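# Results of the structural survey
As a plain string of letters, each chain reads:
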Amino acid sequence: MPARILTDDEMASRVVIKDILSMPLVPSKNPKIAFMFLTPRSLPFERLWEKFFLGNEGRFSIYVHASREKPEHVSPLFIGRDIQSEKVVWGTISMVDAEKRLLANALQDTDNQRFVLLSDSCIPLHDFDYVYNYLMGTNISFIDCFQDPGPHGNGRYSKHMLPEVEERDFRKGAQWFSVKRQHALLILADSLYYTKFKLYCKPNMDGRHCYADEHYLPTLFHMVDPSGIANWSTTHVDWSEGKWHPKAYRARDVTYELLKNITSIDESYHVTSDEKKVGTWRPCLRNGVKRPCYLFARKFYPEALDNLMHLFSNYTAI
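Notes on the structure follow.

## Details of the overall build of the chain
- Looking only at helices and strands, one finds nine helices and 13 strands in the chain.
- Taken over the C-alpha atoms alone, the chain extends approximately 60 × 50 × 45 Å along its principal axes.
- Split into buried and exposed, the 318 residues of the chain put 52% on the buried side.
- Of the contacts made within the chain by residues no fewer than 6 positions apart, 79% connect residues no fewer than 24 positions apart.
- Accessible area of the chain: about 15100 Å², with a carbon and sulfur share of 52%.

Written as structure tokens, this is what we have:
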């Protein structure tokens, strides 16, 4: 089959993306991780995160996008770290816009070399050194990405995305990423694929629901740099209950055993949404070596804070 002639926009997009991916990185004397919190309001686990960050000043940056109300901060580390935020409506492109807003703020600091997106219900699973070495010690980004032929995967694809996005390239994944600087720049530089998802991947479109935050980045990176991403997120979420929302942990659920079990998982799991419910386990390979998959976990209820604070130094030493 002859290759399709590229549109002007595609040609321009490919040139920019290729250049960004082949750019030699300016080495930073003081490489940092940007921790970007996407939250409706105040962060319930600030005290836990403070415990995680303390003693590592100069190796991290914090950015908070609070979409509904101005957060009240209990930790001095978070004071003054709110960025200009806009309203976020679940399942719409406004979620991706908030992610891009966080990246645009974090990229202004040239020392920020890794960018982690976190929610208000996220907790750290390891100590800071472990997380820092895990992310800095590899040249890939952690973007969840898999092919789901079912109704909650390719069933959400719209032919309006043609010719740039074909159904065979449509991918799905959780939004909670950890990306390297090149990929963060690429996300901000892309307008071609972003516009396709803005226009044609939204709730209740053509009688189907498409959620841009679950499909845009997995599809983009599958198309432009598939070997540059690990196809799993470093944030653990438990979907085993088979509901619209993942399992949320209450205070009584938070035990050393639970956290130990999550930190020891070394294979990522994806299941299709069709009748076959095909499940796939893949080893979490980092630089070719099988390693635990997760650095963070969600969803935890605010009431779990005291238990987590109490257990923190024990479970992060695992």
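Moving on, there is more to tell.
## A closer look at the state of the cysteines
- Summed over the entire model, instances satisfying the criterion amount to two disulfides.
- A disulfide bridge connects C201 with C210, and the sulfur atoms are separated by 2.0 Å. Looking along the S-S bond of the C201-C210 disulfide, the torsion reads about -85°, which is the left-handed sense.
- The class of C201 is buried, set by a relative accessible area of 1%.

## Concerning helix α8 (residues 256-264)
- Listing the buried residues of α8 in full gives L258, L259, I262 and T263. Looking down the long axis of α8, one finds its buried residues gathered within 125° of arc, a one-sided arrangement.
- Of the surrounding elements, those touching the buried residues of α8 are β4 (123-124), β8 (235-236), β13 (296-297) and α9 (305-315).

## What to know about the side chain of T272
- With respect to the secondary-structure elements, T272 resides in the loop between β9 (267-271) and β10 (279-283).
- Within the structure, the side chain of T272 is placed 2.6 Å from the side chain of D274, a separation counted as a polar contact.
- Side-chain polar atoms of T272 contact the backbone nitrogen of V278, separated by 2.9 Å.
- Among residues more than four places away in sequence, those in contact with T272 are Q147, D148, P149, K277 and V278.

## Some words on the nonpolar core
- With 47 residues, the main nonpolar core has F35, W49, I123, F300 and L308 as its most contacted residues.
- Looking at this core, the elements with two or more residues in it are β1 (32-39), α2 (46-53), β2 (60-66), β3 (112-119), α4 (128-136), α8, β13 and α9.
- If we skip the residues at most four places from it in the chain, I123 touches F45, L48, W49, L259, L295, F296, A297, F300, L308 and Y315.
- Counting residues in each nonpolar core, the second largest holds 42 residues, with I17, M95, F197 and L217 among its members.

## Thoughts on a nonpolar patch on the surface
- A cluster of nonpolar residues, Y269, V271 and W281, forms a patch on the protein surface that exposes about 320 Å² of accessible area.
- Within the fold, Y269 resides in strand β9.
- Exposure remark for Y269: the relative accessible area of 39% places this residue in the partly exposed category.

## Digging into the sheet that holds β13
- Spatially, three strands are ordered β4-β13-β8 in an open sheet, and the strand pairing comes out mixed. Two strands close off the open sheet at either side, each with one partner strand: β4 and β8.
- Judged from the two bridges that link them, β8 and β13 form a sheet pairing that is parallel. Bridge pairing links H236 to A297 in β13.

Scoring rules and cut-offs
- Residues numbered from 1 in each chain as written.
- Predicted model: local features only at pLDDT ≥ 70, side-chain atom pairs only at ≥ 80, totals over all residues.
- Heavy atoms only, no water.
- Helix = DSSP H or I, 4+ residues; strand = E, 2+ residues; numbered from the N terminus.
- Buried < 20%, exposed > 50% of the residue type's maximum accessible area, 1.4 Å probe, protein only.
- Contact = heavy atoms within 4.5 Å.
- Areas by Shrake-Rupley, 256 points an atom, 1.4 Å probe, with all protein chains shown as cover.
- Disulfide = S-S within 2.5 Å.
- Arc of directions from axis to C-beta.
- Polar contact = N/O pair within 3.5 Å; in protein donor to acceptor, adjacent residues only side chain to side chain.
- Core = buried A, V, L, I, M, F, W, Y, C linked by side-chain atoms within 4.5 Å.
- Patch = residues over 30% accessible without salt bridge, like charges linked within 9 Å, V, L, I, M, F, W, Y side chains within 5 Å.
- Salt bridge = Lys/Arg side-chain N within 4 Å of Asp/Glu carboxyl O.
- Pairing = 2+ DSSP bridges.

Spatial relationships are all this shows, so hold off on functional conclusions.
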